[in-house]
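Descriptive structure summary
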Amino acid sequence: MRTSIASWPASASTIAQEYNLFFWLMVLLCGTVTIGIAVFLIYSMIRYRRRRDDEMGQQIRNYIPAEVTWIGLPLLIFFGMFAWGAELYMKIKRPPDDSITMYVVAKQWMWKLQHPEGQREINELHIPVGRPVKLVMTSQDVIHSFFVPAFRTKQDVLPNRYTTTWFEATQPGKFHLFCAEYCGTKHSGMIGWIYAMSPADYQQWLETGAAEGSLASQGEKLFHQYGCANCHHFDGHGPCPDLIGLYDRPVQIKDMGTVIADDSYIRESIVDPRAKIVLGFDDIMPTFKGQLTEEQLVQLIAYVKALGPPPGAEFPGSSGSTPHDYGTQKGIGGPGSSAISTGPPEKR
Ligand code: CUA
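As the structure is a prediction and not an experimental result, all values here were calculated from the model.

**Details of the pairing of strand 1 (residues 100–107)**
Extensive coverage of strand 1 is indicated by the burial of 7 of its 8 residues. Bridging between strand 1 and strand 5 (residues 133–139) involves 7 bridges; their strand directions are parallel. Considered in strand 5, the bridge of Tyr103 is made with Val136. Bridging between strand 1 and strand 2 (residues 110–114) involves 5 bridges; their strand directions are antiparallel. Paired with Ala106 across the bridge in strand 2 is Trp111. From the end of strand 1 to the start of strand 2, which pair antiparallel, there are 2 residues.

Quick look at the structure:
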């Protein structure tokens, strides 16, 4: 037990080595400064102590070399650390464009994870080595925090919004996942494992799961089940906005300018449709708050994400040009489509 507490966690992600270096350099630098000041203080107390009762110290003012040194040198060093820290922070915060997106729903006291191919896991996440994995995370209740020490990533997970983090595993293995935000009685039990696998093993693992089809096709089922297709027509002439090619596109909002249709925007539009009404449309959509679980919301978002634009096509205008092919992902159909994919997962 003692050894496992004392040992340094594995360094198993692409940022881990730089993170370690930065951490130890900060420790070294701050330690050197602290010890240096303390030693100089003690030396000065002894060397320059008052020896006679009438002894007066000699005042030296405006000694330029000393002033330039003690202001300039720390400034350079610490601004250098700041610049490096900012660069590392941006790297940690910005998922690469070719990341696989996985969805995480936290609740007291477990982690529920969904793969784009449709596999679901609890307190376990299987990932391929050498591919960046982006997590889009939300909580069903209180604030949690997704912490994988071996990857040097930690990100708070909040109710009613999505936060993201990413990592790319560099070696196969089994790594601890913790909740790092006190969230109630069984907070300490809210733990799990990340399984980093070789791409071939991962592909094999994927093929053994996902009886319900991809995340997007699960979302497509919900889209029809909850009657979304009755208003969101895909020809641009329905009473509600066309959703083809919506994802990550700028949207004109009544009285509010432009917003990007990201995961958070789509989630908000489902649970609180009045918050942002698309320019030119009426306030007619009912709220689905309380009717859909966080996992179902994630499935609907995956469906909207999968809805085109068709490969190589221009984004359809908001006033409605009509795309002829629905969707870009295999098995994702337009309104009335019964093509719900149950086949093997796509290679990603
Ligand atoms: Cu969840 Cu602590």
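From this point, the discussion proceeds with the structure in view.
**A short note on the sheet that holds strand 10 (residues 192–197)**
Spatially, 5 strands are ordered 4-10-9-6-7 in an open sheet, and the strand pairing comes out mixed. One side of each edge strand has no neighbouring strand; the edge strands of this open sheet are strand 4 (124–128) and strand 7 (153–157). Looking at each pair of strands side by side, their axes are set apart by 20° on average, direction ignored. Pairing of strand 6 (residues 144–148) with strand 7 involves 5 bridges; the strand directions are antiparallel. Bridged to Val148 within strand 7 is Thr153.

**Notes on the confidence of the model for the chain**
For residues with low pLDDT, the predicted coordinates do not support detailed interpretation. Of all residues in the chain, 85% attain a pLDDT of 70 or more, and the chain-wide mean is 81. For the chain, helix 1 (residues 2–6) is the element with the lowest average pLDDT, namely 52, and strand 6 is the one with the highest, namely 94. Taken together, the stretch residues 310–331 has pLDDT below 50 and engages in 41 contacts with residues farther than four places along the chain or on a different chain. Under a pLDDT of 50 for its full length, residues 334–348 has, in the predicted model, 33 contacts with residues more than four places off or in other chains.

Scoring rules and cut-offs
- Residues numbered from 1 in each chain as written.
- Predicted model: local features only at pLDDT ≥ 70, side-chain atom pairs only at ≥ 80, totals over all residues.
- Heavy atoms only, no water.
- Buried < 20%, exposed > 50% of the residue type's maximum accessible area, 1.4 Å probe, protein only.
- Helix = DSSP H or I, 4+ residues; strand = E, 2+ residues; numbered from the N terminus.
- Pairing = 2+ DSSP bridges.
- Axes fitted to C-alpha atoms, helices over the stretch in contact; angles between N-to-C directions.
- pLDDT = per-residue confidence, 0-100.
- Contact = heavy atoms within 4.5 Å.

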